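Working through the structure, step by step
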Amino acid sequence: MKTTNLGFPRIGNKRELKKAVEGYWKGSISEEQLKSTAQEIRKINWSLQDDNQIDLIPSNDFSLYDQVLDLAFTVGAIPERFKTLQQQGNLSDIDLYFAMARGYQQKGLDIKAMSMKKWFDTNYHYIVPEFTKNQDFSLFSSKVIDEFKEALSLGIKTKPVLIGPVTFLLLGKAKEDNFDCLELLDKLLPIYAKLLKELKKLGAENVQFDEPCLALDSTPSIRNKITAAYNYFANEVPSLKIFLANYFDCYGDNLATVLQLPIHTLHLDITRCGEQINDIFTADNFLSTLHFSIGIIDGRNIWKNDYQKSLTTLSKVIEKVGKERILIAPSCSLLHVPCDLNLETETSKINQKILPWLSFAKQKLGELSALKQLVLSDNFEKEEDYIINQKALQTRNQSTVVHQPKVKERVQKLTAKDAQRSHLFKTRKILQKEALNLPLYPTTTIGSFPQTKEVRQWRAAFKNGRLSAEEYQSKLEEETKRTISLQEEIGLDVLVHGEFERNDMVEYFGEQLEGFTFSSFGWVQSYGSRCVKPPIIFGDVSRSNPMTVAWTKYAQSCTDKYIKGMLTGPVTILQWSFVRDDQPRSETCTQIALAIRDEVQDLESAGIKIIQIDEPAIREGLPLRAVDWATYLQWAVNAFKVSSSGVKDETQIHTHMCYSEFNDIIKSIADLDADVITIECSRSQMDLLNAFASFNYPNDIGPGIYDIHSPRVPSKYEMVDLIDKAKRHIPAEQLWVNPDCGLKTRDWPETKKALEKMVEAAVTARKLFTVLA
Ligand SMILES: CN1c2c(nc(N)[nH]c2=O)NC[C@@H]1CNc1ccc(C(=O)N[C@@H](CCC(=O)N[C@@H](CCC(=O)N[C@@H](CCC(=O)O)C(=O)O)C(=O)O)C(=O)O)cc1
Ligand SMILES: N[C@@H](CCS)C(=O)O
Ligand SMILES: [Zn+2]
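What counts, and at which threshold
- Residues numbered from 1 in each chain as written.
- Chains lettered and ligands numbered in written order.
- Predicted model: local features only at pLDDT ≥ 70, side-chain atom pairs only at ≥ 80, totals over all residues.
- Heavy atoms only, no water.
- UniProt positions renumbered as here; feature names shortened; annotations may be inferred.
- Helix = DSSP H or I, 4+ residues; strand = E, 2+ residues; numbered from the N terminus.
- Contact = heavy atoms within 4.5 Å.
- Patch = residues over 30% accessible without salt bridge, like charges linked within 9 Å, V, L, I, M, F, W, Y side chains within 5 Å.
- Areas by Shrake-Rupley, 256 points an atom, 1.4 Å probe, with all protein chains shown as cover.
- Salt bridge = Lys/Arg side-chain N within 4 Å of Asp/Glu carboxyl O.
- Lys, Arg positive; Asp, Glu negative; His and termini not counted.
- Charge placed at Lys NZ, Arg CZ, Asp CG, Glu CD.
- Buried < 20%, exposed > 50% of the residue type's maximum accessible area, 1.4 Å probe, protein only.
- Near = heavy atom within 4 Å.
- Nonpolar A, V, L, I, M, F, W, Y, C, P; charged D, E, K, R; others polar.
- Polar contact = N/O pair within 3.5 Å; in protein donor to acceptor, adjacent residues only side chain to side chain.
- Donors = N, O, S within 2.8 Å, 3.2 Å for Na, K, Ca; no water.
- Tetrahedral: all angles 85-135°; square planar, octahedral: opposite > 155°, others 65-115°.
- Pairing = 2+ DSSP bridges.

Here the focus is the UniProt feature "binding site: L-homocysteine" (unreviewed entry) in the chain. According to UniProt, the "binding site: L-homocysteine" (unreviewed entry) feature falls on I446, G447, S448, E499 and D614. A maximum C-alpha distance of 12.8 Å among these annotated residues, which run over 169 residues, shows that they cluster at one spot. Structurally, the position occupied by G447 is in the loop between α16 (425-436) and α17 (453-463). If we ignore the near neighbours within four places in the chain, the residues touching G447 are V496, G498, E499 and M566. Residue position: D614 is located in strand β21 (residues 610-614). Discounting residues that sit within four places of it in the chain, D614 has contacts with I446, M505, M566, L567, T568, G569, T572, T655 and H656.

Before going further, it helps to examine a negative patch on the surface. Residues D378, E383, E384 and D385 make up a contiguous surface patch of negative charge. By the secondary structure assignment, E384 is in helix α14 (residues 384-398). On the basis of relative accessible area, E384 is assigned to the exposed category, the value being 60%.

It is worth spelling out the site of ligand 2 at this point. In the region of ligand 2, the neighbouring residues are I446, G447, S448, E499, M505, M566, D614, P616, H656, C658, C741 and G742. When ligand 2 sits alone it has 270 Å² of accessible area, and the protein chains cover 97% of it. When grouped by side-chain class, the residues that make up the shell around ligand 2 number 6 nonpolar, 4 polar and 2 charged.

Once that is clear, we can look at the site of ligand 1. Contacts to ligand 1 come from 24 residues, most closely from K18, N123, R459, D504 and K744. In this structure, R456 approaches ligand 1 through a side-chain N or O atom, which is 2.8 Å from an oxygen atom. Separating an oxygen atom of ligand 1 from a side-chain N or O atom of K744 is a distance of 2.5 Å. Burial of ligand 1 by the surrounding chains reaches 83%, relative to a free accessible area of 1,000 Å². Sorting elements by how many residues they give to the shell around ligand 1 places α17 first, with 4 residues. Residue composition of the shell around ligand 1, by class: 8 nonpolar, 7 polar and 9 charged.

Taken together, H656 (NE2), C658 (SG) and C741 (SG) make up the protein donors of the zinc ion (ligand 3), found 2.1 to 2.3 Å from the metal. The site at the zinc ion (ligand 3) holds 4 donor atoms, and with the angles between them running 100 to 119°, its shape is tetrahedral. Sequence positions of the donors to the zinc ion (ligand 3) reduce to the motif H-x1-C-x82-C. Highlighted residues: H656 in strand β22 (residues 652-657) and C741 in the loop between α26 (716-729) and α27 (748-772), separated in sequence by 85 residues. The pair formed by H656 and C741 is uniform in burial state, with each residue classed as buried.

This paragraph deals with the pairing of strand β20 (residues 562-568). The side chains of a regular strand alternate, first on one face of the sheet and then on the other. Of all 7 residues in β20, 6 are buried, a share of seventy percent or more. Where strand β15 (residues 494-495) and β20 come together, 2 bridges link them in parallel fashion. Paired with L495 across the bridge in β20 is I563. In the sheet, β20 pairs with β21 via 5 bridges, with the strands oriented parallel.

Put into structure tokens, the structure is as follows:
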């Protein structure tokens, strides 16, 4: 029996990679310095896994930006505009790579970045490969080979990780009509084969192919492609052991196919789909040579593994196939959990009572080797590792900090009425029009304004005591006031306070809610160099004090215009936190919803007439298989409605969503019954609105008319054009004008210019509307 790992976090314990990459972008460090930091991180990660006696250690799980972009780069799937850019701008390969991820606006050139999308149901974003019908592939980068050699020189023969060809093509975007990216498989496979042969020559024995597309609803054509690809590899490189990994859900209707593949090992995510063990071992057609990687350590959450449960599962598997054909593994790459719990020392903000219940990436490696030892032990119950583990779990189960009867009671007492506004939108719209008197195409922003280095430094200084609470508050109030004056000058209709007090839109709320704790160094990569520090929900959730009322009231005191109160919604707080695993997610979500409801009502009582409850993660939380959607949508929509329905009809509730496609869930979006929804739309040139239009979406919509992910300032006419496009989908009286998302990652000069143009565009669109009417 062996242990293996599927991938390790690459940002470094203290986000060394983030700092180096951003330093390189700013020009403060050289390419060599960046590469040396990257190499040091890889070395630390490999050594750590080696020290923990992991038998099969991954390589090529490292990335300077994103592993899907790495693969596109490796197989030469470089869109034409970037090939031209490289020539015109004389870019080095590394600058070409970053240009694909971030776009390029220098030397008079203006090239749009490739788009980003959520990686399955995670909060990690990948760069979407772009494919054309006549797409050619070639071996463009030797990263996979280089990193294998690098580990070899440290005495570690790794298992290189590659995203499988079928998943890679399915994740891509066809840049031309009427062609299916999967048609490119035959052209792509020889490039993979070249890599495999080269790896084999260097001594590689195992290669991991990640094919998480197998966790999605599939088709016979996709299954045929899977069969074709892995038969091809087996023929081309017969002696290489192929480790096929699917994670985040069951193999489902793909199971029969994968059980027949000429592969060495099949990886199963037991944390998400325990029942597939039974399915496999009751199937009469799996190959007697097949090995199984049992993904039993949760790669998506931070709770200690329950050794008793795991050993029971493992013993069932061993009984069927014997120890020799088993590997113990995390359920997926450890990319989705923080690096090391040991960084949370006694000075950490983390609740010290909770600490013994947790396990981050490094600790999960320890769990893997401990489990292996326990399986091999004659009397595991007497082993120290087992006793300590069970004691920690017992303390957690019995802890008084977890269970709050009053919270449970409040959830129990909820009725349908609590999740329903008093009147239908039609009536509310009239009342709100009277109360608010906003123009046609009202202009607003999504909430955050630039989180400058200064703002972050004030927060850091406040946290470590170098700035008093009064000084911190007064600095943020000044920044808020300045931002409000600016919004007034620009002529926006509905203003925001700017969210300067927030480290993050979820962590900020987590820090103030009961039942949550938060780490000091628990960073997880969200995209590129950007990281988040997900709060940890360990117990029943409630709100003991208002969280945003003082900031919002202060902002409202600076202006006669409306300030939009700004909250994060229950589903998003749930989705972007590490969630307790001892009760259903729906229960935890309802508890959060009640806490947000309290805040909404307090904002209303403080005189705030417009309140936005952000839910960018509703779509991301959708289960991977359609059969599970209805249950999720029912409780997720209900939670939002619990949070938003405790106010008067005149109070206008907004919600905001980004990174989402709405076709699949449009009915549920309508069921949220928010008075206004603002959505990210500009990159799709309003195509996203099709879903709303064909559904005759009844409430108001603000389709984003400028892309906030790029420093580029759109012209007024571009935006007038987008408003016009939106008007072709949705009646003008329902439309709002706003950017795609918050402005926290932008700089001030471009923000100011873009918002000025946006307001000018709304004014022009209003005039055009009047003329045409
Ligand atoms: C909307 N998005 C979000 C997602 N998930 C979230 N949980 N939150 C989101 O907003 N998912 C989808 C998208 C992803 N988008 C982003 C966008 C931007 C970031 C980002 O900027 N992350 C920051 C970290 C933010 C943060 O917590 N900042 C802290 C400061 C922490 C820090 O760096 N401190 C320094 C000292 C300060 C200094 O001197 O500058 C230190 O510790 O060294 C804060 O503001 O207080 C990032 O840096 O990556 C993430 C997701
Ligand atoms: N209110 C948040 C939403 C981000 S999705 C912001 O503006 O940053
Ligand atoms: Zn957003």
